[in-house]
Amino acid sequence: MRELLHHHIKFFIFCSLAAIGLRLAMVLKFPLIAGDSLVYGDIAKNWLQHGMYAISTAEGLQATYMRLPGYPSFLAVLFKIFGMEHYGPAMFIQIFIDLGTCFVVSALTLEIIRAQAFAIEDPSRAERPALFAFCLTAFCPFFITYVAAPLTEIWSIFLTSLTLYLAVKGLRSLLQGSPGYWKWWLGCGIALGLNIYFRPDAGILLAIAGAILFPLLFKFPQRTSVAGMITLTTVVLLLTPWTVRNWRTMHRFEPLAPRYANDPEDFVAVGFYRWLKTWVVDFISVANVEWHVPNEKIDMDDLPPRACDSQQECDQTESIFDDYNQELDISPELDAQFNQLAEQRIRRHPLRYYVWLPALRVMDMWLRPRVEILPIDLDWWKIEENGMDSWIAIALGSWNLILLLLAVIGVLRLWPRSWGLSEPALIFALFIGFVLLRSLFLATIENPEPRYALECYPVVLAFAGAAFVRKGIRKTV
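So, here is what we can say about the structure in this document. (Residues numbered from 1 in each chain as written. Predicted model: local features only at pLDDT ≥ 70, side-chain atom pairs only at ≥ 80, totals over all residues. Heavy atoms only, no water.)

### Focus: the packing of helix H5 (residues 88-115) against helix H20 (residues 457-466)
Here is step 1: Packing of H5 against H20 brings their axes to within 9 Å, and their N-to-C directions diverge by 55 degrees. Classified by the angle between their axes, H5 and H20 sit oblique to one another. With respect to the hand of their crossing, H5 and H20 are arranged in right-handed fashion. In this structure, H5 contributes Val 105, Leu 108, Thr 109, Ile 112 and Ile 113 to the contact, and H20 contributes Pro 458, Leu 461, Ala 462, Phe 463, Gly 465 and Ala 466.
Here is step 2: Classifying every residue of the contact of H5 with H20 gives nine nonpolar, two polar and no charged. (Axes fitted to C-alpha atoms, helices over the stretch in contact; angles between N-to-C directions. Helix = DSSP H or I, 4+ residues; strand = E, 2+ residues; numbered from the N terminus. Parallel < 35°, antiparallel > 145°, perpendicular 65-115°, else oblique. Left-handed = near helix turned anticlockwise from the far one by under 90°. Contact = heavy atoms within 4.5 Å. Nonpolar A, V, L, I, M, F, W, Y, C, P; charged D, E, K, R; others polar.)

This is how it looks when you write it as structure tokens:
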């Protein structure tokens, strides 16, 4: 990467300045401080003012473990320096965190090309895919928009790309027998542990790293054992303080965060969430129904036709809604009714519940234009009502599709010749395995928010850059 920077310093300076300018304009023009941002800010403020990792409630402060301490810690430091509830500095710092992602993705692309053992008469031409990857990341509208939101996405995307990069360097060093290979795995464990502190689902990276290392135990038992133990031990040690705190304060063994972001005394409407999974496939359903619970009314008109299989079921659903709308909260009795409704729908169409709807939710997260941070209506496809906003959304959706198509081309160009324990195959499997495993995880959730797929985009952008490998390049192995 050093040589790449040296050879193309003007390119990196120009693109970096342009990337900073675009992100700065987004922060100044369209900052979004709402929802989860306020939850993180509330925890950070209570931590500083009262020495408690807690949320504010009508009854006072309530100790919590609904959110991991990564982002609240980040905000707490900034609140201490710049004043309480000043979110601007967080967004400005995220500009440079995201710029760091651009460099890491570029380095990641370079490692992919090197791992595939490409060679041409002029080796410097192999740098071209890394330059394209940097450019695509620098001007990726989906990263740019999330810089302007005090959320975990920008940090998680950066740490995901860094973890993958360090894992690739660690794999290459391990396979080549380099004496300092363990340092890369130590760095990988640190980046992964920090990533988990921002988003618990980052643990997927640990699972895929373990899956990649496991077959190497039979070929390089000593080196592989050391690499695996260093990575695992580092992650466990980093998570230990949080786990101990939860045991002492919350009286629960919780090394991450609860599935439904709840505290021990909170009632979880599992039946309601189960009912949602019997029909939700898109983000607008989440916004119109799930996010209304509690405290807002649910309207039958917000349900799509697929939410009811018959008029009788529609009547049953409407009756449950009427009960909910009176209290604007879900009681255990009402949740049991939702669960019964879900049970009927699952029994009637098991394939729909277990296969088709999860697949559609994943597709929605991958293909949606991601306008939720922008001042654009979520029903952007209604062109007559939304006018220019619809065309902006369509343009963003088209660009997203282009990135995915470029990534597919890059995957096909770098497809390993064999799937043994070779360096190209293992690194390729690391990237593809991570994307597939994360997609499978996303299929299990009932709220398909487009931002959940963004952690996969360092891989998408790296392979999109690899699509620009010149035909003059050929594999030597």
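So much for the structure itself; the text now carries on.
### Concerning the pairing of strand S2 (residues 60-63)
Every regular strand shows the same layout, with side chains that alternate between the two sheet faces.
Here is step 1: Here four bridges tie strand S1 (residues 54-57) to S2, and the two strands are oriented antiparallel to one another. Note on S2: the bridge partner recorded for Ile 55 is Gln 62.
Here is step 2: Where S1 folds back on S2, the antiparallel hairpin that results is connected by two residues. (Pairing = 2+ DSSP bridges.)

### Some thoughts on the nonpolar core
Here is step 1: One finds Leu 75, Trp 185, Trp 366, Phe 431, Phe 434 and Phe 463 to be the most contacted residues of the largest nonpolar core, which totals 115 residues.
Here is step 2: It is helix H8 (residues 153-176) that contributes the most residues to this core, 13 residues altogether.
Here is step 3: The next biggest cluster of nonpolar side chains, apart from the first, holds 21 residues, and it includes Phe 272, Trp 279, Leu 303 and Tyr 324. (Core = buried A, V, L, I, M, F, W, Y, C linked by side-chain atoms within 4.5 Å. Buried < 20%, exposed > 50% of the residue type's maximum accessible area, 1.4 Å probe, protein only.)

### Here's the deal with helix H4 (residues 70-82)
Here is step 1: Taking 1.5 Å per residue, 13 residues should reach 18 Å; H4 reaches 19 Å between its end C-alpha atoms and fits that length.
Here is step 2: Of all the positions in H4, only Gly 70, Tyr 71, Pro 72, Phe 74, Leu 75, Ala 76, Leu 78 and Phe 79 are classed as buried.
Here is step 3: Note on H4: the residue one or two positions beyond its end, Gly 83, has a positive phi of about 110 degrees. (Expected span 1.5 Å × (residues − 1).)

### What to know about the packing of aromatic side chains
Here is step 1: Applying the stated criterion to the full structure yields 31 aromatic pairs.
Here is step 2: Residues Phe 12 and Phe 103 carry aromatic rings whose centres are separated by 5.7 Å and whose planes lie at 20 degrees to one another, so their mutual orientation is stacked. Of this pair, Phe 12 sits in helix H2 (residues 9-29) while Phe 103 sits in helix H5, placing them 91 residues apart in sequence.
Here is step 3: By relative accessible area, which is 2% here, Phe 12 ends up buried. (Phe/Tyr/Trp six-rings, centres within 6.5 Å; stacked < 30°, edge-to-face > 60°.)

### Observations regarding the packing of helix H15 (residues 332-348) against helix H16 (residues 350-367)
Here is step 1: Where H15 contacts H16, the axes come no closer than 4 Å and their chain directions differ by 85 degrees. Considering the angle they form, H15 stands roughly perpendicular to H16. Between H15 and H16, the residues in contact are Arg 345, Ile 346, Arg 347 and Arg 348 and Pro 350, Arg 352, Tyr 353 and Tyr 354, respectively.
Here is step 2: When the residues that make up the contact of H15 with H16 are grouped by side-chain class, the tally is four nonpolar, no polar and four charged.

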